[in-house]
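Survey of secondary and tertiary structure
Each chain is listed here by its residues.
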Amino acid sequence: MTIFGLKASLLLMAILLFTDCLIVEGQACHPSGKIRGKKPPPGECNQGNDSDCCKEGKLYTTYKCSPTVSSHTKAYLTLNGFQKDEDGGAPSECDNQYHSDDTPVVALSTGWYNKGSRCLNNITISANGRSVVAMVVDECDSTMGCDSDHDYQPPCTNNIVDASRAVWKALGVPHDQWGGLDITWTDACRPSGKIRGKKPPPGGCNQENDSDCCVQGKLYTTYKCSPAVSSHTKAVLTLNSFEKGGDGGAPSECDRKYHSDDTPVVALSTGCARGRSMVAMVVDECDSTMGCDEDHDYQPPCPNNIVDASKAVWEALGVPLADWGELDITWSDA
């Protein structure tokens, strides 16, 4: 991967075609079924924060998915207690802990919770002219409900951010209006740590395409996430060779194969202009979590906004050869 200081002001769109399955939040989201409500046994449904209890015989819609996450994901904010004996019920799924009402934490609908992939990560919630960062600690189950495991409450709809009192306070919502509010939210991507560079052994770092090699003792930032994908996701395009012996190193992660420089393929950071656009296939990961070792060709970890592209991509975008290396672009799922 090439990282250097070219300051290009071109705006491009690289439309990327994924070969693997998109996670549930990125698909068209339709109801998955219905469940029939059961009357809660006496004292079995906590109605704190005006929580609903299931009604005998009523049909409730279930979902296994949620709307696509973008830089301004529309959602409905609800109020939940994450403390012991509150309406949140059992300890939070992510850490098996209770959380104070004074801590900004949330539960997400099943599709957004995405099998725990956002556990203990932060999201940014915006409403009422303000924003607040809150940590994801639980799932608001959209697939099941009306049983003892769910405190005899109905399944969540597929667009819920169920938030502690601290979130409502931070958004400046008057207390008498707490309970339901239209909001937008997005993933708040922050560094996950640092790794210390190691000097590559002789011949251990391939500098084709002006790729950087790790510097002994230098600290490199790592990420386990990337900015939210939208219809115009901002990114930095870099140059990589996916051929055997090229600076891309080992075969591509997706198919364990090498790819010709003449094929439009890319590697994406972890957490998967000139008026032109093109379609490229994702074949590899540009690892943002690790680097500076033999497995990573003694190159630093990628930043979290990289689209590392073959020569064919640069050619298709019409970028002059002298400008190849680093370029501001936008991209989206094809």
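Everything that follows concerns the structure shown earlier in this document.
Just so it is clear, the structure is predicted and the values come from calculations on it, not from any experiment.

What counts and how
Residues numbered from 1 in each chain as written. Predicted model: local features only at pLDDT ≥ 70, side-chain atom pairs only at ≥ 80, totals over all residues. Heavy atoms only, no water. Pairing = 2+ DSSP bridges. Helix = DSSP H or I, 4+ residues; strand = E, 2+ residues; numbered from the N terminus. Axes fitted to C-alpha atoms, helices over the stretch in contact; angles between N-to-C directions. Buried < 20%, exposed > 50% of the residue type's maximum accessible area, 1.4 Å probe, protein only. Contact = heavy atoms within 4.5 Å. Phe/Tyr/Trp six-rings, centres within 6.5 Å; stacked < 30°, edge-to-face > 60°.

Examining the sheet that holds strand β6 (residues 122-127)
Read around the closed barrel, six strands run β4-β8-β5-β7-β6-β9, paired in mixed fashion. The mean inter-strand angle of the sheet, taken between neighbouring strand axes irrespective of direction, is 45°. Inspection of the sheet shows strand β4 (residues 73-79) paired to strand β8 (residues 160-163) by four bridges, in the parallel sense. Pairing of L77 across the sheet is with V161, part of β8.

Details of the pairing of β6
Of the two faces of β6, the one lined by I123, I125 and A127 is fully buried and the one lined by N122, T124 and S126 carries no buried residue. For β6 and strand β7 (residues 130-140), the ladder comprises six bridges, and the chain directions are antiparallel. The partner of N122 across the bridge, within β7, is M135. Counted along the chain from β6 to the antiparallel partner β7, the turn is two residues long, and its residue N128 has a positive phi close to 60°. Strand direction decides the pairing type here: β6 and strand β9 (residues 180-188), joined by five bridges, are antiparallel. Across the sheet, I123 pairs through a bridge with D187, a residue of β9.

Describing the environment of K34
Mapped onto the secondary structure, K34 falls in strand β2 (residues 33-36). C-alpha of K34 to C-alpha of T143: the two residues are 109 residues apart in sequence and 9.0 Å apart in space. Once residues within four sequence positions are removed from consideration, K34 is found in contact with L59, Y60, T61 and T62.

With respect to the environment of R130
Inspection of the secondary structure puts R130 in strand β7. Given the relative accessible area of 45%, R130 is considered partly exposed. Separated by 43 residues in the primary sequence, R130 and V173 have C-alpha atoms spaced 9.7 Å apart. With sequence-adjacent residues up to four places away left out, R130 is seen in contact with I125, K169, A170, L171 and G172.

Focus on the packing of aromatic side chains
Counted according to the given criterion, the structure contains three aromatic pairs. Seen from their ring centres, W168 and W178 are 6.4 Å apart, and the 40° between their planes marks the pair as tilted. Linking W168 in helix α2 (residues 165-170) with W178 in the loop between α2 and β9, this pair joins segments that are 10 residues apart in sequence. Among the residues examined, W168 registers a relative accessible area of 0% and is labelled buried. Look at W178 and you get buried, because its relative accessible area is 16%.

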